[in-house]
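What follows is the residue order along each chain.
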Amino acid sequence: HRQLWGRDVPVGSEWDAGVTPPLWPTYPAGRWTVRLETERFVVVFHRFTDGEETVLETFPPDEQGEIDAKTSALHARNTLRFS
């Protein structure tokens, strides 16, 4: 974020890593998201059916943590990791 916009990520902001539509019964429809909380970046999978969020990983609230969290979220999306 800093490299592109010249400022830190605001606390509470989210980055969308992609979605999975309800294609198959074994794969829940949902969204992978990176969110900056006060003390960490979190990678979550948000299910569309019930609104439940599963925290997949956490990272430090710094620039490298942001990069690692986004990389992790994209990998989770590409490998269909839900938990």
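Above: the structure in question.
Because the structure is predicted, anything quoted here is derived from the model rather than measured.

Student: Can you walk me through the sheet that holds strand 1 (residues 14-20) in this structure?
Tutor: Sheet strands associate in pairs through backbone hydrogen bonding, adopting either a parallel or an antiparallel arrangement. In spatial order, the strands read 1-2-3-4; together these four strands make up an open sheet with antiparallel pairing. The open sheet is flanked by strand 1 and strand 4 (53-59), the only strands paired with a single partner. Geometrically, the sheet is characterised by an average inter-axis angle of 20° between neighbouring strands, direction not taken into account. Sheet topology note: the strand 1/strand 2 (residues 30-36) ladder contains six bridges and is antiparallel. The residue of strand 2 that forms the bridge with Val19 is Arg31. Against the sheet, helix 2 (residues 63-78) contacts strand 1, strand 2, strand 3 (41-47) and strand 4, and its axis sits at roughly 10° relative to strand 1.

Student: Please explain the packing of aromatic side chains as it appears in this structure.
Tutor: In this description, an aromatic ring pair is defined by two values, namely the gap between the centres and the angle between the planes. Taken as a whole, this structure holds three aromatic pairs when the rule is applied. Ring centres of Trp32 and Phe45 lie 4.8 Å apart, and the angle between their planes is 50°; this geometry places the pair in the tilted category. With Trp32 in strand 2 and Phe45 in strand 3, the pair connects residues that are 13 residues apart, well separated along the chain. The buried category is assigned to Phe45, whose relative accessible area is 0%. Consider the rings of Trp32 and Phe82, whose centres lie 5.7 Å apart with planes at 25°: the pair is stacked. Remark: Phe82 occurs in the segment after helix 2 and Trp32 occurs in strand 2; sequence separation between them is 50 residues. Like Trp32, the residue Phe82 is buried in the burial classification. Here the aromatic cluster, defined as three or more aromatic residues joined through ring pairs, consists of Trp32, Phe45 and Phe82.

Parameters and conventions
Residues numbered from 1 in each chain as written. Predicted model: local features only at pLDDT ≥ 70, side-chain atom pairs only at ≥ 80, totals over all residues. Heavy atoms only, no water. Pairing = 2+ DSSP bridges. Helix = DSSP H or I, 4+ residues; strand = E, 2+ residues; numbered from the N terminus. Axes fitted to C-alpha atoms, helices over the stretch in contact; angles between N-to-C directions. Contact = heavy atoms within 4.5 Å. Phe/Tyr/Trp six-rings, centres within 6.5 Å; stacked < 30°, edge-to-face > 60°. Buried < 20%, exposed > 50% of the residue type's maximum accessible area, 1.4 Å probe, protein only.

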